Structure formats: structure tokens, C-alpha cells
Amino acid sequence: MNVPEPLLTIVIPCYNEEEVFSETARRLTAVLCDLAEEKLISADSKLLFVDDGSKDRTWSLIAMESTKNHYVTGLKLARNTGHQKALLAGLDKAKQKSDCVISIDADLQDDVSAIREFIKKYHEGYEIVYGVRHSRKTDTFFKRTSAAWFYRLMNQLGIRLVDNHADFRLLGKRALEELSRYHEANVFLRGIVPLIGLRSAKVFYDRKERLAGETKYPLKKMLSFAFHGITSFSVAPIRFFTLIGFFLFFLSGIAGIYAIIQKMLGYTNAGWTSLIISIWLLGGLQLMGIGIIGEYIGTIFTEVKNRPKYTVDIDLYTERLTQRSRENIQGTTAVGRE
Ligand code: UDP
Ligand code: MG
């Protein structure tokens, strides 16, 4: 029986990536060409670049490339919404046409030659293929240690993550359908994908240095990412504070009895040190506890609003170019940016 080759879409979120775009498009096009020639994927496979509200020429480069290279297509988000949501926008869109989707970062720190292995696993019947980093030699010391801590913490909180796996993965059509049933506003794909289940495999590769440009994940974004990752998956921090609360309550009971006995025996002293220490300790603990509870309330707040996660401005993937979007592209390519 002649089974048609699967249509693959590679989704690449881009935020201010004008420096790497051309090289990335070139390398990924070469990968698609090779795979299509070997009949591992359909010749209609695509590279879907998602422009996450870039402030530089990224979108005009994507739009221009799409007129020259039939593999390249793009999706322009109306503003910057962050890596995870940009990725999700791409996955949602790609799902409409593809049999399987691979997501990869625009800086190609992940090894493109692993894509062939992904496809082979897909042909073997795996619905989810995780790209796992062998080594992070090229990452900075800070990035390496902070990532290691993050994975360890998540593990201890009982959040099942695939170690050393970021957002380089293949999802088959079934996995994508399942993924779209997760409606949470705080998307943390690394946590959600393992929850889907389905047959999964791992492919190992070495992580490289960024092709060019600098990281789009400064410390502030990284911390907020880690926090959302934790608070949208685990209530362990809240429970931790409840336990501490109980423990302190118990302890203060004992201390109270001790203080009364001392008083009755006439051994009272000024007690300034213990007083000031306990004020600070308890004050600090309470504030921390309230802060953490606040985080959860914040998460609930964004979830109940159920706002759309992103707005698509221009869609070159499914729609034919309308007159207006054509003008828009010409506008951005001719005038550049504001
Ligand atoms: N990115 C995005 N929106 C953002 C920040 C980043 O789409 O607000 C994209 C970025 O263009 C890249 C990917 O997410 O393709 C990962 O970012 P980066 O490589 O800077 O992160 P790092 O590898 O340093 O963690
Ligand atoms: Mg990177």
C-alpha cells in the first residue's frame, strides 16, 4: 500500500532574530529538502516562522523569504507575547495542515541534524519525540547551574519534566489534538507535554552556541518563566508554608509555657534579643507566605479571565495573501520599521 509521506511543519518562534534568520532559514530548508528527497516527509512540508512582535526587521525578512522559498511561511503576532505563547500560536496554526510538527528555537542552539532522528522515530510510531541535550558545555556557567537547580526543584515538587529537554520536540497530530484540550493561560509546554502521555521517545544531541545575537531570555524573564512553571503545576509551596505555620504555632506554644514558668520563678530578663528576632523571623515568614499565596491567586486570576493567548496579525500559512496583508508586507519591507 502506498502511504503518503507525512507533512511536517517546523515551528520557529522568533523575537528580534534578524541576525540569525537568514542562516536559520537556509539550514532548515536544507534539512527539509534532504528529508523530502528521501521521501521521509512530504514535499509540501513547511518552515513556519512565528514573529513574536519583533521590533527589528525579523518580520520583513520572513515575509521576503516566503516569496522566494516555497518552504518558508510565517505568522506575525500582533505584539510580543513570550516564547511559550508564540510557540503555541505556531503549533495551533500548524496543526491545521500537518501530520507532525517540530518546534525549534531560531538561534539553532539545538542540533538540526537531530530532526532526521525525530522523523525516523515518528515513522516508528512515536507520537512525541523529546530532544534531550547531552551536554550544555556551550551555555554560560550561570545558565547551566540555574537550569540544573530549576530541574532539581521541579523534580522535588513532583512536577514531571524530561531532564535536559527544552522546547525542541516533535508532536504528532494526535499529540497536538490532545495538547489543544489544555486550556490554561499560563502555558508551560515542558510540563504539559509529558502529561499527555502517548508513545514517546528521546533523541540525544549536543547543545551549541547561539548562531548570533544575544539571548532573548534575560534573568527577569527566566525567573518569571520558572515561577509560572512551578505555580501552574504544583501547590507544594503553599503546603510548605502551611506546614511551617503549624510547626511555628506548636513551637510558640512550648515557648509560651516556658516563658510563663520563667516568669513565675522570677527569672525574667529584658528579652529584647529574642523579641526582635522573633518579630523579624515571623514578619519575614508571613510576608513570604502571603507572597506565595498571592502568586497562586495571580495565576487563578489570569486563568479565570480566560483571555485569548495571542493575536495573529498576518497569517501566511493558511490564508492566501489578502490585498491588505500584501500592502502590510510591502509596507514593512519598504519602510522597515517605525
Ligand atoms: N523568543 C520569543 N519571544 C520572546 C523571547 C524569545 O519568541 O519573548 C524566542 C527566541 O526568538 C528564540 C527562542 O524563543 O527563538 C528562545 O530564546 P533564546 O534562544 O533567546 O533563549 P535561550 O536559548 O537563551 O534560553
Ligand atoms: Mg537560545
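Further up the page is the structure itself.
Only a predicted model underlies this, so the values are computations on that prediction, with no experimental measurement involved.

**Q** Can you walk me through unusual backbone geometry in this structure?
**A** Negative phi is the rule for most residues except glycine; trans is the rule for most peptide bonds. Residues other than glycine seldom take positive phi values, yet Asn16 does so here, at roughly 50°. Summarising the element assignment, Asn16 is placed in the loop between β1 (8–14) and α1 (18–37). Among the residues examined, Asn16 registers a relative accessible area of 22% and is labelled partly exposed. Although it is not a glycine, Leu198 sits at a positive phi angle of roughly 60°. Take Leu198: it is sitting in the loop between α7 (189–196) and β7 (200–205). Given a relative accessible area of 29%, Leu198 falls into the partly exposed group.

**Q** Mind showing me how you'd approach the packing of helix α5 (residues 141–156) against helix α8 (residues 219–231) here?
**A** Between two packed helices, the angle of one axis relative to the other and the distance separating the axes together describe the packing. Between α5 and α8, the shortest axis-to-axis distance is 11 Å and the interhelical angle comes to 10°. Classified by the angle their axes make, α5 and α8 are roughly parallel. Only Leu219, Met222, Ala226, Gly229 and Ile230 of α8 make contact with α5, whose side of the interface consists of Phe142, Lys143, Ser146, Phe150, Leu153 and Met154. In terms of residue class, the contact of α5 with α8 is made up of eight nonpolar, two polar and one charged.

**Q** Which parts of the structure should I look at to understand the pairing of strand β5 (residues 128–133)?
**A** Along a regular strand, successive side chains alternate from one face of the sheet to the other. Within β5, six of the six residues are buried, which leaves it mostly tucked inside the rest of the structure. Burial along β5 is two-sided: Ile128, Tyr130 and Val132 and Val129, Gly131 and Arg133, pointing in opposite directions, are all buried. Bridge count for β5 against strand β6 (residues 165–172) is four bridges, and the pairing is antiparallel. Each bridged residue has a counterpart across the sheet, and for Ile128 the counterpart in β6 is Leu171.

**Q** Would you mind going over the site of ligand 1 with me for this structure?
**A** Near ligand 1, the surroundings consist of 19 residues, among which Glu17, Asp52, Asp107, Thr215 and Lys216 are the closest. Within the side chain of Asp52, a nitrogen or oxygen atom sits 2.6 Å from a nitrogen atom of ligand 1. Within the backbone of His83, an N or O atom sits 3.4 Å from a nitrogen atom of ligand 1. Contact with the protein chains removes 95% of the 540 Å² of surface that ligand 1 exposes when unbound.

**Q** Can you help me understand the nonpolar core in this one?
**A** Nonpolar side chains in soluble globular proteins generally cluster together in the buried interior. In terms of nonpolar packing, the biggest core is built from 42 residues, with Ile10, Ile12, Leu28, Phe49, Ile102, Ile115 and Ile119 touching the most fellow members. Looking at this core, the elements with two or more residues in it are β1, α1, β2 (46–51), α2 (58–68), β4 (100–103), α4 (114–123), β6 and β7. Top contributing element to this core by residue count: α1, with eight residues. Discounting residues that sit within four places of it in the chain, Ile115 has contacts with Ile10, Leu28, Val31, Leu35, Ile102 and Phe168. Formed by 26 residues, the second largest nonpolar core is a distinct cluster that contains Ala86, Leu91, Ile128 and Tyr317.

**Q** Looking at this model, I keep getting lost on the coordination of the magnesium ion (ligand 2). Mind explaining?
**A** Octahedral metal centres with six donors ideally show angles of 90 or 180 degrees, and tetrahedral centres with four donors ideally show 109.5 degrees. Protein-derived coordination of the magnesium ion (ligand 2) comes from Asp107 (OD) and Gln109 (OE1), at a distance range of 1.9 to 2.0 Å. A relative accessible area of 4% means that Asp107 is categorised as buried. According to the relative accessible area criterion, Gln109 is buried, its value standing at 11%.

**Q** Help me out: how do you make sense of the sheet that holds β4 in this one?
**A** Across a sheet, strands are paired by hydrogen bonds formed along the backbone, either parallel or antiparallel in direction. Taken in spatial order, the eight strands line up as β7-β5-β6-β4-β1-β2-β3-β8 in an open sheet, and their pairing is mixed. Taken across any chain shown, the strands that pair with only one partner, and hence form the sheet edges, are β7 and β8 (312–315). Strand after strand, the sheet turns through a mean of 20° between neighbouring axes, direction not considered. With six bridges joining them, β5 and β7 adopt parallel strand pairing. The partner of Val129 across the bridge, within β7, is Ala201.

About the cut-offs
Residues numbered from 1 in each chain as written. Chains lettered and ligands numbered in written order. Predicted model: local features only at pLDDT ≥ 70, side-chain atom pairs only at ≥ 80, totals over all residues. Heavy atoms only, no water. Helix = DSSP H or I, 4+ residues; strand = E, 2+ residues; numbered from the N terminus. Buried < 20%, exposed > 50% of the residue type's maximum accessible area, 1.4 Å probe, protein only. Axes fitted to C-alpha atoms, helices over the stretch in contact; angles between N-to-C directions. Parallel < 35°, antiparallel > 145°, perpendicular 65-115°, else oblique. Contact = heavy atoms within 4.5 Å. Nonpolar A, V, L, I, M, F, W, Y, C, P; charged D, E, K, R; others polar. Pairing = 2+ DSSP bridges. Near = heavy atom within 4 Å. Polar contact = N/O pair within 3.5 Å; in protein donor to acceptor, adjacent residues only side chain to side chain. Areas by Shrake-Rupley, 256 points an atom, 1.4 Å probe, with all protein chains shown as cover. Core = buried A, V, L, I, M, F, W, Y, C linked by side-chain atoms within 4.5 Å. Donors = N, O, S within 2.8 Å, 3.2 Å for Na, K, Ca; no water.

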